[in-house]
Amino acid sequence: MSHTETPALQQKAVQQKTVVEFSGVAKRYGSHLALTEFDLTLQAGELVALLGPSGSGKTTALRVLAGLESCDDGRILINGDDVSGLPTSRRDMGMVFQSYSLFPHLSAGENVEFGLRMRRVPSIERRERAAAALALVGLDAHYGRFAHELSGGQQQRVALARALVTRPRVLLLDEPLSALDAKVRVQLRDQIRRIQTELGITTLFVTHDQDEALAVADRVAVMRDGRIEQVGTPEELYTRPATPFIADFVGLSNRLPGVVRHGFAEVHGVVLPLLDPSHADGPVRVFVRPEDLTLATAGTSPAGTSLAGTVLLSSFLGSLRRTSVQLDQGGTVVVQHDVRDRPMVGAAVLVRFAGAPVPVEAAI
Ligand code: ADP
Ligand code: MG
């Protein structure tokens, strides 16, 4: 498949039909506003990642949507109907949480059957549907296993099968991968995305892990202090962060002191294009991605195009290398570059800017 075909295929899976809408939702715990002026829509078949630091209100948003918490203001619409007054059991959602929530005294198959039993589905159909759901997550051979006989990743796959077996309208995942080790986390992340796309199920995926959010989502909604700060495709968030908070939270960024003048940022004598050329003049902090910097040998760059420094540390990361440079004018930056370039610790180098427009925030 060529690269140009991929976006078209992905767009086909997501239809322009709003399934979930949060409209001006607020949620208070005592005097603490866990959600405020919270607006978000999910289109049919779309996977939206709700990304934010711990305590930003992600779980609260998911619980309000599921009906596990009431909202203090605003409305929740599903397929255009206000469900704010409906109990969880009537909202038709499948849920998976971070901690393994399988019933320990039931087998994997019985766990998956549980929701169907509650809905009084006859036993033969129950068993067939549970087996099919377990097959979907690749665990058809584990029907009779108990939670303690399954690995963490397998338990989460059973939890996913249990959430999907009732064919919910919406799938809610709250940090479903956080308790797993790195390799299993990536495998299960990809499996969730594959199954989600196959079923075309509208999904809200809560995570604090930006790599996970960017990798798995059609769109990412970044939360901060109970609000959404930016919603966009992973590419939009990464290349056009709306605020310094997003620039800092999504992807790695170096921060450098600079001054804005007439739509450009100047950093130690190097002039950089601004992401927002209308930014007010004055002292700022400039955010620069490690991949938007390159290393050059000292003495090879004309003044005003690069910063001189000394190599502090260089880390081999398999497919790339990241090198920290102590700048002569103060501060350190991380440069991402080809693994075949192996800068020596202590070597004098020049850090060059590749010319990508930078976001800035006013210096305090
Ligand atoms: P996240 O999932 O992004 O880590 P939460 O939605 O769990 O954040 O919590 C958001 C804020 O609301 C936090 O400050 C948290 O302490 C507070 N909070 C969450 N649940 C409760 C609760 N049941 N009672 C009181 N405060 C709560
Ligand atoms: Mg949470």
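Here's a quick rundown of the structure.

Time to look at the overall build of the chain. Of regular secondary structure, the chain possesses nine helices and 20 strands. Buried positions account for 47% of the 364 residues belonging to the chain. Pairs at least 24 apart in sequence give 66% of the contacts found in the chain among residues at least 6 apart. If you sum the accessible surface of the chain, you get close to 17,700 Å²; carbon and sulfur atoms cover 52% of it.

So, about the side chain of Asn254. As for its placement among the helices and strands, Asn254 is situated in strand E11 (residues 254-261). Dropping the residues within four chain positions of it, Asn254 is found in contact with Val286, Phe287, Val288, Arg289, Pro290, Leu293, Val333 and Val334.

Before going further, it helps to examine the packing of helix H3 (residues 108-118) against helix H4 (residues 123-136). At their nearest, the axes of H3 and H4 sit 9 Å apart, and the two run at 120 degrees to each other. In terms of axis orientation, H3 runs oblique to H4. Crossing of H3 against H4: the hand is right-handed. The residues of H4 that touch H3, namely those facing Ala108, Gly109, Val112, Glu113, Leu116 and Arg117, are Arg126, Arg127, Arg129, Ala130, Ala133 and Leu134. Residues that form the contact of H3 with H4 fall into these classes: six nonpolar, one polar and five charged.

For the rest of this paragraph, the subject is the packing of helix H5 (residues 152-164) against helix H6 (residues 182-199). Orientation of H5 relative to H6, taken along the N-to-C sense of each, is 15 degrees, at an axis distance of 11 Å. Taken together, the axes of H5 and H6 lie roughly parallel to each other. Judged by the twist between their axes, the crossing of H5 over H6 is right-handed. Packed against H5, whose contacting residues are Gly153, Gln156, Arg157, Leu160 and Leu164, the element H6 presents Val184, Leu188, Gln191, Ile192, Ile195 and Leu199 at the interface. Looking at the contact of H5 with H6 residue by residue, the class counts come to seven nonpolar, three polar and one charged.

Moving on to the sheet that holds strand E17 (residues 321-327). One open sheet holds the five strands; their spatial order is E15-E19-E16-E17-E18, and the pairing between them is antiparallel. Both outer strands of the open sheet, strand E15 (293-297) and strand E18 (332-337), are each paired with one neighbouring strand and no more. Adjacent strand axes in the sheet meet at a mean angle of 45 degrees when their direction is disregarded. As judged from the five bridges shared by strand E16 (residues 306-316) and strand E19 (residues 348-353), these two strands associate in the antiparallel manner. Each bridged residue has a counterpart across the sheet, and for Ala308 the counterpart in E19 is Leu350.

Right, let's talk about the nonpolar core for a bit. By size, the foremost hydrophobic cluster in this structure holds 43 residues, and its most contacted members are Val112, Leu134, Val158, Leu160, Val220 and Val222. Per-element tally for this core: the top contributor is H5, with six residues. Dropping the residues within four chain positions of it, Leu134 is found in contact with Ala108, Gly109, Val112, Leu139, Asp140, Tyr143, Val158 and Ala161. Counting 27 residues, the second-largest nonpolar core is a separate cluster that includes Leu35, Leu50, Val64 and Leu65.

A word on the sheet that holds strand E14 (residues 282-288). Spatial ordering of the open sheet is given by E13-E12-E11-E14-E20, a layout of five strands whose pairing is antiparallel. The sheet is open, and its two borders are formed by strand E13 (270-273) and strand E20 (360-362), each paired with just one other strand. When strand polarity is set aside, the average angle formed by the axes of neighbouring strands in this sheet is 40 degrees. Note: strand E12 (residues 264-267) against E13, four bridges, orientation antiparallel. Opposite Val267, over in E13, you have Val270 as the bridge partner.

Conventions used here
- Residues numbered from 1 in each chain as written.
- Chains lettered and ligands numbered in written order.
- Predicted model: local features only at pLDDT ≥ 70, side-chain atom pairs only at ≥ 80, totals over all residues.
- Heavy atoms only, no water.
- Helix = DSSP H or I, 4+ residues; strand = E, 2+ residues; numbered from the N terminus.
- Buried < 20%, exposed > 50% of the residue type's maximum accessible area, 1.4 Å probe, protein only.
- Contact = heavy atoms within 4.5 Å.
- Areas by Shrake-Rupley, 256 points an atom, 1.4 Å probe, with all protein chains shown as cover.
- Axes fitted to C-alpha atoms, helices over the stretch in contact; angles between N-to-C directions.
- Parallel < 35°, antiparallel > 145°, perpendicular 65-115°, else oblique.
- Left-handed = near helix turned anticlockwise from the far one by under 90°.
- Nonpolar A, V, L, I, M, F, W, Y, C, P; charged D, E, K, R; others polar.
- Pairing = 2+ DSSP bridges.
- Core = buried A, V, L, I, M, F, W, Y, C linked by side-chain atoms within 4.5 Å.

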